[in-house]
Amino acid sequence: MLLNNYLISAWRNIFKHKLFSAINIFGLAIGLAACILIALFVRDELSYDKFWSKADQIYRTHITFSVPGRDPMDMVMTPGPVIHALLKDFPQVEHASRLASQEPTIIINNHYFVDDISLVDEDFINIFDLEAVEGDLNTALKSLNNIVLTEKLAKKYFGSNNAIGKIITIDFDSYKRDYKVAAVIKDMAKNSQVITDALVAIDEPAWKEKDWMFDAWFSVNSHMFFTLKKGADIKSINNSWSEFIDRNFPKLPFGGTGAKTSDFVHMTSMSIKDLHLKAKGDGEYHEIGDMNTVIIFSTVAFLILIIAAINFMNLSTARASSRAKEVSLRKVLGASRKDLIIQFLGESILITAIGMIMAIVFVEFALPIYNEILGKTLRINYASADLIYVAALAIFVGLLGGSYPAFILSHFRPSETLKANKSAESDASIKLRSILVIVQFAVSITLFVSTAVVYGQMLYAKNMNLGYDKENILAVKEVYRDVVLKKLPLLVDEIRRMPNAISVTWSNFMPESGNNNNTLVRTEKQALEDASLIGSREIGFDYFKTYKVPLISGREYSIERGDREVLTDDLRKGLNYTGSIIVNESALRRLGLGTADNAIGKLVFISKGNPSENLEATYEIIGVVPDIHFDSLKSTIRPEIYDLSVNYGSVISARFSGSPVAFTEQVRKLWEQEIPSIPFNYDFISAAVAKQYNAEQGQAAMFAAFSCLAILVACLGLYGLASYTAERRTKEIGIRKVMGASVFDVVKLLIWQFSKPVLIANLIAWPISYFTMTLWLESFVYRIEDFFILGFCLLAAFTALIIAWSTVAGNSMRVARANPIKALRYE
Amino acid sequence: MLKLQDLTKAYRTDEVETVALNNVNIEIETGEFVAIMGPSGCGKSTLLNIIGMLDTPSSGHYFFKDEDVAGYSESQLGVIRKQHIGFIFQSFNLIDELTVAENIELALLYHDIPAAERKERVAAVMDKVGIAHRAKHMPSQLSGGQQQRVAVARAVVGNQSMILADEPTGNLDTAHGQEVMEMLQKLNEEGTTIVMVTHSPSHADYARRTINLLDGHVVTESMRSKI
Ligand SMILES: Nc1ncnc2c1ncn2[C@@H]1O[C@H](COP(=O)(O)OP(=O)(O)OP(=O)(O)O)[C@@H](O)[C@H]1O
Ligand SMILES: [Mg+2]
């Protein structure tokens with residue numbers, strides 16, 4: 001019954017102080033909603049690959065190539081032959097499998113598809129627990145002619161018909177084969193770095209023609225997973241990679257006689273549970289996360305919670321004085337301190353409970369947009385423990401925010417508080433309140449500055465001059481397939497003839513996609529051991545014209561001038577002729593070839609084929625281009641050569657004028673007519689480059705949104721506090737007005753009262769923001785200047801003051817205008 | 001000093017009209033000491049507030065130094081008020097968060113007076129009312145009589161020519177009341193015009209003239225002959 005009484009009185013109190021309750025509940029709801037959203041994100045990020053039954057035993061190997069004078073190349077892939085050496089050298093390894101993701105052409109009943117097919121070793125099913133829906137998974141991969149499909153693909157290919165035993169023809173370019181569906185498995189979980197739609201066993205001999213896939217020590221094209229035997233320590237393997245490398249890898253042709261391969265090649269293995277957040281390097285098949293992001297967002301969530309709790313505390317203690325009479329009367333009537341504490345905590349928890357329900361409604365409304373930004377499918381699972389977590393969060397905040405006020409309120413002595421004309425509040429609690437307001441604003445300002453820096457950096461990167469013109473270029477993909485390559489000259493010719501085509505070219509890379517091909521290059525004066533490893537890209541005729549890159553000196557490849565590439569097969573046959581080559585400025589510097597003008601006509605020697613073959617081709621430099629940002633801005637521009645490749649490319653790039661849609665449709669028509677077996681796949685270079693920043697942009701937007709919420713919650717609290725303060729100070733303001741203060745004097749006074757904490761908060765927030773954001777910026781090679789942070793700090797201070805003023809101004813004006821006799825009359 | 005002519009003040013609340021002052025005609029000379037008496041609710045405070053320009057009349061004229069201020073706006077009144085009028089209240093109305101000295105300084109704060117001069121004048125007036133040794137204390141640490149002395153100091157520190165006091169002794173015991181009355185008398189002797197509302201006939205005796213109000217009307221005005 002007593003509980004009932006508490007509830008009723010709590011409920012009435014909430015209604016009696018509508019503004020106070022509304023601010024408290026709304027602020028809490030926003031704070032809790034933000035927390036829940038972030039928690040869902042963080043939980044998902046932390047859950048990656050933890051669900052495998054052998055999660056504790058599964059590792060993936062990574063490799064780093066450290067070439068002298070170059071940024072190390074971190075790869076999350078592993079050279080193909082490593083798996084055989086691993087199984088031979090390390091008895092502690094239980095199972096091992098490679099996984100290479102390919103996009104072959106798939107033919108079923110004369111229908112063509114392009115889908116991800118994973119090439120794996122037979123042991124794959126012993127590492128990852130896949131769930132068979134139909135067929136026998138255990139024997140499926142023992143045959144090189146079987147395929148395992150996920151339910152998703154089985155449905156796509158065969159509808160609702162039983163897929164088992166059906167035939168799928170796959171054209172891997174190196175070989176074409178009929179596969180029989182031997183098993184259908186459940187679709188794989190999304191929170192994993194190991195998602196595949198279909199599995200076939202690796203048939204190494206069938207890939208002989210493309211030996212770099214599975215049989216080259218210095219080429220990486222697949223992931224490698226292994227499980228450790230129970231009781232074995234991963235350190236025993238991770239500590240012996242150097243010896244492993246020297247024992248198994250061929251010797252590299254540089255570094256002199258004393259050099260070992262392990263001087264340039266490093267390997268390590270990482271637990272599968274860490275891959276999503278901690279793996280660093282090129283070659284992921286699925287987007288990875290970032291531990292920093294998780295930490296940053298968890299911190300933001302925590303800060304928002306703190307701000308919301310502070311609001312709660314501040315408003316409750318501020319209101320305490322006006323409740324002093326109620327408390328005293330209850331005490332006089334026999335309530336113990338415990339009773340009062342229970343009553344006030346009950347009120348807090350009731351308020352948080354209402355806030356929590358509102359928060360869940362907010363979350364449900366926000367989730368669709370949130371998921372779209374993050375590319376996830378997060379949700380609150382009401383059937384699980386989620387609700388308990390949310391409730392626990394609310395109770396935690398309720399207790400955090402409510403316990404201090406409860407303590408303060410219950411502490412009032414009737415003898416003191418019933419005496420009129422005495423402020424019931426102690427100086428300490430007023431002081432604490434201003435400290436808490438300072439904390440709130442310091443946090444808000446720090447978040448503001450951080451958001452501005454993150455956004456500024458993103459915009460800077462997005463708008464940085466890349467060195468080429470990315471607008472109005474259509475990129476036609478899928479060109480690397482044999483069927484397309486056969487028609488490459490024809491396609492280029494036909495597109496070039498289209499009225500809106502300005503210039504057409506081809507290359508073996510997309511500007512944004514990252515390219516780690518390297519080759520040894522030396523000048524006439526240099527010995528083979530002194531050759532430099534230089535990045536190499538293959539391009540067709542008119543490449544720089546199409547991408548609008550002005551050459552510094554010389555010219556680019558043209559059919560008319562008879563430029564030619566040196567074919568590796570010709571070298572093998574002993575044919576000797578000089579090819580043409582274009583280099584960038586960094587390569588000139590690396591090779592010591594002097595100025596761009598002097599370099600024209602000089603000869604360089606470029607290694608070809610496998611290192612063991614010792615093949616070198618002679619090239620004459622015909623052009624020098626500036627350093628161009630073809631890769632992500634997170635890496636420095638490397639020295640590069642641009643090799644002519646007349647017959648090979650993976651992308652055709654066409655600069656056009658007029659409507660992009662019309663031009664694309666024209667090209668599509670041509671493609672469908674010439675290459676009916678492969679779906680037309682295209683992109684615009686500008687869009688592809690922008691895509692690089694999608695994840696960052698999403699996170700920046702998320703960060704900005706949560707910072708705004710934090711600031712909003714802090715402002716709500718300030719508003720509540722301001723209206724309370726104005727009320728509390730009416731008598732004082734009345735006196736001041738009688739003493740001659742004008743409306744303006746009074747507004748100034750009140751605004752200054754709230755500006756002081758904001759200014760102090762700035763002094764705290766600036767150094768913190770400056771320090772953390774310069775640290776954050778360090779991970780970018782090309783970044784905004786540090787003084788921008790100072791600019792953002794000033795902007796934040798200005799904004800915070802404006803916000804604080806406009807929050808407080810309304811109340812101040814009202815109080816300042818009021819007739820003083822009203823305030824002085826009723827005592 | 002001031003002249004009220006056919007002055008009326010009516011309060012309108014929820015259809016009910018309360019006429020607090022009805023056709024009041026009063027003249028007060030410079031240097032006078034006037035007491036206003038009457039039963040509770042007869043309009044004494046209302047009258048004092050209008051004289052003090054904290055409130056405006058509903059109709060009639062209010063000549064302050066030959067200037068009709070009846071129709072003046074709040075800010076216009078504020079300018080005249082802060083120059084000429086000081087206030088003393090029954091409940092002292094000191095600001096709890098400020099010290100004694102700061103409370104007194106408040107009356108100079110809005111007058112464009114340099115800080116050094118303010119300090120000097122505050123010190124002088126504190127000396128005069130005998131609370132100099134309490135300068136750093138908070139109002140809550142003072143007795144009622146001491147608080148009212150601070151209020152008197154605050155009312156005179158600006159050298160205002162007229163002091164309005166609304167039951168200045170209402171919250172004080174006899175001895176302390178006496179003290180405050182003597183202080184007012186001394187100020188009056190130095191030339192300050194004083195208008196005081198009081199319920200105590202003996203305190204009204206300090207004044208040279210008593211105005212009796214009843215239901216918003218002036219009923220009698222009696223002069224006390226100088227002894
Ligand atoms: N703001 C107001 N709104 C409505 N009525 C008011 C207001 N102020 C005063 N009154 C009314 O005007 C009349 C005169 O009030 P006033 O305060 O002047 O009386 P008083 O003579 O000072 O009384 P007391 O001796 O109790 O202080 C009263 O009837 C009061 O109810
Ligand atoms: Mg009165």
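Before reading on, note that the structure itself is shown above.
What counts and what doesn't
The numbering scheme is per chain: residues are counted from 1 as the chain's sequence reads. Chain letters and ligand numbers both follow the written order, the letters beginning at A and the numbers at 1. Local features in this predicted model are restricted to residues whose pLDDT is 70 or higher, and side-chain atom pairs enter the listing and the counts only when it is 80 or higher, whereas totals over whole chains, interfaces and linings include all residues. Values shown for side chains rest on all heavy atoms present in the structure; no hydrogens or waters enter the calculation. DSSP calls a pair of strands paired once it identifies at least 2 bridges connecting them. Helical segments are the DSSP runs of H or I of at least four residues, strand segments are the runs of E of at least two, and each set is numbered from the N terminus. To form a nonpolar core, buried Ala, Val, Leu, Ile, Met, Phe, Trp, Tyr and Cys residues must be joined to one another through side-chain atoms within 4.5 Å. Type-normalised accessible area, obtained with a 1.4 Å probe on protein chains alone, sets the label of each residue: buried when under 20%, exposed when over 50%, and partly exposed for intermediate values. Any two of the Phe, Tyr and Trp rings considered here, Trp counted by its six-membered ring, make a pair once their centres fall within 6.5 Å; the pair's planes then place it as stacked at under 30 degrees, edge-to-face at over 60, or tilted in between. Whether two residues are in contact is decided by their heavy atoms, any of which lying within 4.5 Å being enough. When a carboxyl oxygen of Asp or Glu is within 4 Å of a side-chain nitrogen of Lys or Arg, the pair counts as a salt bridge. Each of two parts loses accessible area, computed with a 1.4 Å probe, when they are put together; buried area is these two losses added. Polar contacts, as counted here, are pairs of nitrogen or oxygen atoms within 3.5 Å of one another; within protein the pair requires one atom able to donate a hydrogen and one able to accept it, and residues that are adjacent in sequence qualify only if both atoms are side-chain atoms. Amino acid classes used here: Ala, Val, Leu, Ile, Met, Phe, Trp, Tyr, Cys and Pro are nonpolar; Asp, Glu, Lys and Arg are charged; the rest, including Gly, are polar. The convention used is that axes are lines fitted to C-alpha atoms, helices contributing only their stretch in contact, and that angles between N-to-C directions extend from 0 to 180 degrees. Note that the term roughly parallel is reserved for angles under 35 degrees, roughly antiparallel for angles over 145, roughly perpendicular for angles of 65 to 115, and oblique for everything else. For any pair of crossing helices, the crossing counts as left-handed if the nearer helix is rotated counterclockwise from the farther one by less than a right angle, and right-handed if it is rotated clockwise. Multiply 1.5 Å by the residue count of a helix minus one, and that product is the helix's expected span. An arc is given here, and it is the one of the directions from the helix axis to the C-beta atoms. Only protein atoms enter the 1 Å grid used here. Points where a 1.4 Å probe fits but cannot escape make up a cavity, open sets with protein on both sides within 12 Å along at least five of seven lines make up a pocket, and a residue lines them when an atom lies within 4 Å of a point. Grid points are joined across faces, edges and corners, and a volume is the space filled by probe spheres set on the points. Any residue with a heavy atom positioned within 4 Å of a molecule or strand is treated as near that molecule or strand. Areas reported as accessible are Shrake-Rupley estimates using a 1.4 Å probe. Residue values count occlusion only from the protein chains shown. Patch construction takes residues with relative accessible area above 30% that form no salt bridge. Like charges are linked within 9 Å, and nonpolar side chains (Val, Leu, Ile, Met, Phe, Trp, Tyr) are linked within 5 Å.

The next subject is the sheet that holds strand E1 (residues 2–13) of chain B. Residue and element names in this part refer to chain B. A sheet is described by the order of its strands in space; here four strands give the open sequence E2-E1-E4-E5, paired in antiparallel fashion. Edge strands, defined here as strands with exactly one partner in the open sheet, are strand E2 (16–28) and strand E5 (67–68). Here two bridges tie strand E4 (residues 59–64) to E5, and the two strands are oriented antiparallel to one another. Bridge assignment links Phe63 to a residue of E5, and that residue is Asp68.

Bringing the nonpolar core into the picture now. Phe41, Tyr370, Phe441, Ile445, Val449, Val453 and Phe706 of chain A are the most contacted members of the largest nonpolar core, which has 84 residues in total. Per-element tally for this core: the top contributor is helix H2 (residues 18–46) of chain A, with 15 residues. Membership of the second largest hydrophobic core comes to 79 residues, among which are Val69, Leu164, Val197 and Leu213 of chain B.

Residue and element names in this part refer to chain A. Taken as a whole and judged by the stated rule, the model has 43 aromatic pairs over all chains. A ring pair is formed by Tyr59 and Phe226, whose centres lie 5.9 Å apart and whose planes are at 25°; its orientation type is stacked. Highlighted residues: Tyr59 in strand E1 (residues 58–65) and Phe226 in strand E13 (residues 220–228), separated in sequence by 167 residues. A relative accessible area of 10% means that Tyr59 is categorised as buried. Take Phe226: its relative accessible area is 0%, and that puts it in the buried class.

Residues and elements named next belong to chain A. Along the polypeptide, Thr293 turns up in helix H10 (residues 291–332). Exposure remark for Thr293: the relative accessible area of 9% places this residue in the buried category. Not counting chain neighbours up to four residues away, the residues in contact with Thr293 comprise Phe41 and Gln699.

Inspection of every chain in the model, using the stated rule, returns 46 salt bridges over all chains. The closest approach of N and O atoms between Arg497 of chain A and Asp493 of chain A, which form a salt bridge, is 3.5 Å. With Arg497 of chain A and Asp493 of chain A both in helix H16 (residues 488–497), this residue pair falls four residues apart, about one helical turn. When the shortest N-O distance is used, the salt bridge between Arg209 of chain B and Glu32 of chain B registers 2.8 Å. Here Glu32 of chain B lies in the loop between E2 and strand E3 (33–37) and Arg209 of chain B lies in strand E9 (residues 209–214), a separation of 177 residues in the sequence. Here Arg209 of chain B and Glu32 of chain B have matching classes, each one buried. Among the charged side chains, a salt-bridge network with shared partners connects Asp493, Glu494, Arg496, Arg497 and Asp542 of chain A.

Taken together, the contacts link 21 residues of chain B with 17 residues of chain A. Contact with chain A buries area across many residues of chain B, yet Leu54, Asn93 and Tyr110 of chain B alone supply 31% of it, more than any other trio. Counting across the interface, chain B meets chain A through one salt bridge. In this structure, Lys737 of chain A engages Glu74 of chain B in a salt bridge whose closest nitrogen and oxygen atoms are separated by 3.1 Å. If you look at where chain B meets chain A, you find four residue pairs in polar contact (both at pLDDT 80 or more). Listed by contribution, the elements that provide at least two residues to the side of chain B that touches chain A are helix H2 (74–84), strand E6 (85–89) and helix H3 (100–109) of chain B. Here the side of chain B that touches chain A is built from residues that sort into 10 nonpolar, four polar and seven charged.

What follows is about the pairing of strand E14 (residues 265–271) of chain A. Residue and element names in this part refer to chain A. Within E14, five of the seven residues are buried, leaving the element largely enclosed by the surrounding structure. As paired elements, E1 and E14 share seven bridges and run antiparallel to each other. In the sheet register, Tyr59 faces E14, and the bridge partner there is Ser271.

All names here are of chain A. Contact geometry for H2 and helix H12 (residues 386–411): axes closest at 11 Å, N-to-C directions at 135°. Taken as axis vectors, H2 and H12 run oblique relative to one another. Once H2 is placed against H12, the crossing between them reads as right-handed. Across from Leu28, Leu32, Cys35, Ile36 and Arg43 in H2, the residues of H12 making contact are Asp386, Tyr389, Val390, Leu393, Ala394 and Val397.

Time to look at the sheet that holds strand E10 (residues 217–223) of chain B. All names here are of chain B. Sheet architecture is open: six strands sit in the order E6-E7-E8-E3-E9-E10, paired in mixed fashion. At either end of the open sheet lies a strand with only one pairing partner, and these are E6 and E10. When the angles between neighbouring strand axes are averaged without regard to direction, this sheet yields 15°. The pairing of strand E7 (residues 162–166) with strand E8 (residues 193–197) spans five bridges and is classified as parallel. Residue pairing in the sheet places Met162 in a bridge with Thr193 of E8. Across the sheet, helix H1 (residues 44–51) lies against E3, E6, E7, E8 and E9, angled at about 155° from E7, the strand it touches most.

All names here are of chain B. Its 15 residues give helix H4 (residues 115–129) an end-to-end C-alpha distance of 21 Å, which sits within 8% of 21 Å, the value for a rise of 1.5 Å per residue. Arg118, Val122, Val125, Met126 and Val129 are the residues of H4 that are buried. Looking straight down H4, one finds its buried side chains confined to an arc of 105°; they lie on one side. In H4, the exposed residues that point more than 90 degrees away from the buried face are Ala116, Glu120 and Asp127. Here the buried face of H4 lies against H3, helix H5 (144–156) and helix H6 (174–189). Phi turns positive, to about 75°, at Gly130, one or two residues after H4.

Our focus in this paragraph is empty space enclosed by the protein. Residues and elements named next belong to chain A. Taken as a whole and judged by the stated rule, the model has seven cavities of 30 Å³ or more. Size it by volume and the largest cavity reaches roughly 110 Å³. Lining the largest cavity are 14 residues; nearest its centre among them are Ser316, Arg319, Phe344, Glu347 and Ser348. If you list the elements that add at least two residues to the lining of the largest cavity, you get H2, H10, helix H11 (337–374) and H12. Of the residues belonging to the lining of the largest cavity, the class tally is seven nonpolar, four polar and three charged.

As a matter of local geometry, ligand 1 sits amid 13 residues, with Ser40, Gly41, Lys44, Ser45 and Thr46 of chain B nearest to it. In this structure, ligand 1 is bordered by residues of chains A and B. Gly43 of chain B is positioned such that a nitrogen or oxygen atom in its backbone is 3.0 Å from an oxygen atom of ligand 1. Here His199 of chain B contributes a side-chain N or O atom positioned 3.2 Å from an oxygen atom of ligand 1. Protein chains bury 72% of the 630 Å² of accessible surface belonging to ligand 1 in isolation. Put simply, the parts of the chain that give the shell around ligand 1 at least two residues each are E2 and H1 of chain B. When residues in the shell around ligand 1 are grouped by element, the largest group, three residues, is from H1 of chain B. When grouped by side-chain class, the residues that make up the shell around ligand 1 number three nonpolar, seven polar and three charged.

Residues and elements named next belong to chain A. On the surface, a cluster of nonpolar side chains totalling about 210 Å² of accessible area is made up of Ile349, Ile395 and Leu399. Looking at the secondary structure, you find Ile395 in helix H12. By relative accessible area, which is 40% here, Ile395 ends up partly exposed.

Residue and element names in this part refer to chain A. Counted residue by residue, strand E9 (residues 146–150) has five buried out of five residues, so it is predominantly covered. Burial along E9 is two-sided: Asn146, Val148 and Thr150 and Ile147 and Leu149, pointing in opposite directions, are all buried. Summarising the sheet, E9 and strand E11 (residues 176–185) pair through five bridges and their orientation is parallel. Within E11, the residue paired with Val148 across the bridge is Ala183. Bridge count between E9 and strand E12 (residues 198–201): two bridges; the pairing is antiparallel.

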